[in-house]
Amino acid sequence: RRVESLVLLMEELHVRDRFEELKPGVETYNILLHAWARSNERQAGERANLILREMGARGVAANLVSYNCALNAWANSGDVIACSNIESLILEMILIGKPELAPNDVSYNTWMKAILRGDEGSKVRRIKELLKTMKIHNFEPSDYILNAVQNPTGGSKGST
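Report follows, based on the coordinates.

Rules and cut-offs
Residues numbered from 1 in each chain as written. Predicted model: local features only at pLDDT ≥ 70, side-chain atom pairs only at ≥ 80, totals over all residues. Heavy atoms only, no water. Helix = DSSP H or I, 4+ residues; strand = E, 2+ residues; numbered from the N terminus. Expected span 1.5 Å × (residues − 1). Buried < 20%, exposed > 50% of the residue type's maximum accessible area, 1.4 Å probe, protein only. Arc of directions from axis to C-beta. Salt bridge = Lys/Arg side-chain N within 4 Å of Asp/Glu carboxyl O. Core = buried A, V, L, I, M, F, W, Y, C linked by side-chain atoms within 4.5 Å. Contact = heavy atoms within 4.5 Å.

## Some thoughts on helix H2 (residues 26–39)
Here H2 spans 20 Å end to end across 14 residues, near enough to the 20 Å set by a 1.5 Å rise per residue. Listed as buried for H2 are Val26, Tyr29, Asn30, Leu32, Leu33, Trp36 and Ala37. Considered in projection along H2, the buried side chains sweep an arc of 160 degrees and stay on one side of the axis. In this structure, H2 carries Glu27, Ile31 and Arg38 as exposed residues pointing more than 90 degrees from its buried face. Remark: Asn40 follows H2 within two positions and exhibits a positive phi of approximately 60 degrees.

This is the structure in structure tokens:
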């Protein structure tokens, strides 16, 4: 929250007092997104989505790090709608159509982490959706994902 206050102050000084050097850029927003991802707060995913939208509204283009931090904010939030929102963000990344924004290992591993932490009843369906998305986009599953597919009830350990 302190990071967010600082970013808002930077934006205010930039706009109000025309301090061009204080205009928050993608790196600044990524620090903020990373802070929300590490917070493990239930509202972290929602905040991350709002920050992504604010970036666009302020003319700051989100990059792959921005999206991966937002995905991780959802995965770490424990929110029951985390997986659905991660699926939406992954789809958004794909539909933007820029190779530099295409989901990578971190993106897909984070999606798997959220699946493993989510509702037991939907794990198999969600894992199939993840694998289908990866196959459609010619992306090879990481060892983390392959291990999770073999043991979907084995917990959520692994690297993202």
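Next, the rest of the story.
## Quick notes on the pattern of salt bridges
Under the definition given, this model contains four salt bridges. Between Glu54 and Arg58 there is a salt bridge, with its nearest N and O atoms 3.7 Å apart. According to the relative accessible area criterion, Arg58 is partly exposed, its value standing at 31%. Across the salt bridge formed by Arg126 and Glu87, the nearest N and O atoms sit 2.6 Å from each other.

## A short note on the nonpolar core
Of all hydrophobic cores here, the largest spans 41 residues; its most connected members are Leu52, Met55, Ile86, Ile90 and Met112. Elements that contribute at least two residues to this core include exactly H2, helix H3 (44–57), helix H4 (64–77), helix H5 (82–96), helix H6 (105–117), helix H7 (123–136) and helix H8 (143–150). With eight residues, H4 is the single largest residue contributor to this core. If we ignore the near neighbours within four places in the chain, the residues touching Met55 are Val26, Tyr29, Leu33, Val60, Ala61, Ala62 and Ser66.

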